[in-house]
Amino acid sequence: MINVLVNGASGRMGKAMSAGIIGEADMQIVAAVDIRQEGEDIGLLAGCGPIGVTVEKDLVQAIRRSKPDVMLDFTNPQAVLRNLRLALGEDLPCVVGTTGLTERDINELRQLSELHHAPLFIAANFAITAVLMMRFAVEAARYLPQYEIIERHHENKMDAPSGTALRTMEMISAVRQVHAQGAAHEIEMIAGSRGGDYQGARVHSMRLPGYVASQEVVFGAPGQTLTIRQDSINQHCFFPGVALALRKIGELSGVTVGLDKLL
Ligand code: NAD
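Residues numbered from 1 in each chain as written. Predicted model: local features only at pLDDT ≥ 70, side-chain atom pairs only at ≥ 80, totals over all residues. Heavy atoms only, no water.

Chemist: Is there a simple way to think about the overall build of the chain in this case?
Modeler: Within the chain, the secondary structure is distributed over eight helices and twelve strands. Relative to its length of 263 residues, the chain is compact, with a C-alpha radius of gyration of 19 Å against a globular reference of 18 Å. When each of the 263 residues of the chain is scored for burial, the buried share is 50%. Relative to all contacts within the chain whose residues are 6 or more apart in sequence, the contacts with residues 24 or more apart total 68%. Carbon and sulfur atoms provide 53% of the accessible area of the chain, an area that totals close to 12700 Å². Put simply, the chain has 24 plus and 29 minus side-chain charges, and the middle of one group is 2 Å from the middle of the other. (Helix = DSSP H or I, 4+ residues; strand = E, 2+ residues; numbered from the N terminus. Rg over C-alpha atoms; globule rule 2.2 N^0.38 Å. Buried < 20%, exposed > 50% of the residue type's maximum accessible area, 1.4 Å probe, protein only. Contact = heavy atoms within 4.5 Å. Areas by Shrake-Rupley, 256 points an atom, 1.4 Å probe, with all protein chains shown as cover. Lys, Arg positive; Asp, Glu negative; His and termini not counted. Charge placed at Lys NZ, Arg CZ, Asp CG, Glu CD.)

Chemist: Would you mind going over the packing of aromatic side chains with me for this structure?
Modeler: For the structure on display, the rule yields three aromatic pairs. Note on Tyr147 and Phe219: the rings are 5.8 Å apart at their centroids and 35° apart in plane angle, and the pair reads as tilted. Here the residue Tyr147 occupies a position in strand E7 (residues 147-153), and Phe219 occupies one in strand E10 (residues 213-221), the gap between them amounting to 72 residues. Residue classification places Phe219 among the buried positions, given a relative accessible area of 1%. (Phe/Tyr/Trp six-rings, centres within 6.5 Å; stacked < 30°, edge-to-face > 60°.)

Chemist: How do you make sense of the packing of helix H6 (residues 128-141) against helix H7 (residues 163-173) when you look at a structure like this?
Modeler: When two helices pack together, you describe them by how their axes are tilted relative to each other and by the distance separating the axes. Closest axis-to-axis distance for the H6/H7 pair is 9 Å, and the angle between their directions is 35°. The hand of the H6/H7 crossing is right-handed. Residues Met133, Met134, Ala137, Val138 and Ala141 of H6 form the contact with H7, whose participating residues are Thr164, Arg167, Thr168, Met171 and Ile172. Residue composition of the contact of H6 with H7, by class: seven nonpolar, two polar and one charged. (Axes fitted to C-alpha atoms, helices over the stretch in contact; angles between N-to-C directions. Left-handed = near helix turned anticlockwise from the far one by under 90°. Nonpolar A, V, L, I, M, F, W, Y, C, P; charged D, E, K, R; others polar.)

None of the figures reported here should be taken as evidence of function without further support.
This is the structure:
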């Protein structure tokens, strides 16, 4: 039985992942942490029956009392680094879906993970279709180095561009030379119109009600374009990837980034 502490339990992802865990025979929630909805049963929040585990605020107290095998973190970009420092400091393996961690953060966490012999797994996107979209985008970029990303998320998303867009551009950078795209002296009539600049490629972040998470990677060459598009329709699409990481975290050491490493 894998004993899971869910951090960010009252959020959209926390609730959806809790429902997933409750439905599995080989894992269970032993603690639920969030700064909201303290005292509420996580089973009820997740839309299942009560499971007798209520949301609490203090992460370290929750870890020490419930002795989980792993922390699953879906909080927010402002909270995740502190959460991971605390959890790794308690020798607790961590599976992280929260976006917004920088290279610098990950380097710090790598040292902490090694010091405490507590593996850390981070994935910007746990949906298998997103993993495939990133893989196909890297393949296309080998032949089509001019590309832009359009990513669409719900209106409450805090970080832009999305972790998936950043990860896609990082992966593409392994096969694409840094170079500017577009006209040499283009003028933005509205600041930001051309999107964010990542090594000369552009990224555009839309935030609208109705979306969960979608991304298009659009490649252009003379007389032709190629669009690779992925859509997450609801939060449940992330659970199979999360369950895989929860099952495999015990076999890992140090820091592992990307669901593709587990497939
Ligand atoms: P949300 O705002 O609905 O939920 C976040 C929850 O974290 C909230 O309930 C909030 O109260 C809680 N929280 C904030 N600070 C906290 C703290 N210090 N300790 C404990 N809880 C705290 O957001 P969401 O849509 O569930 O997304 C959460 C994160 O997951 C975001 O970073 C999002 O980009 C990311 N995400 C990742 C994937 C993936 O596949 N990796 C998929 C979807 C979303």
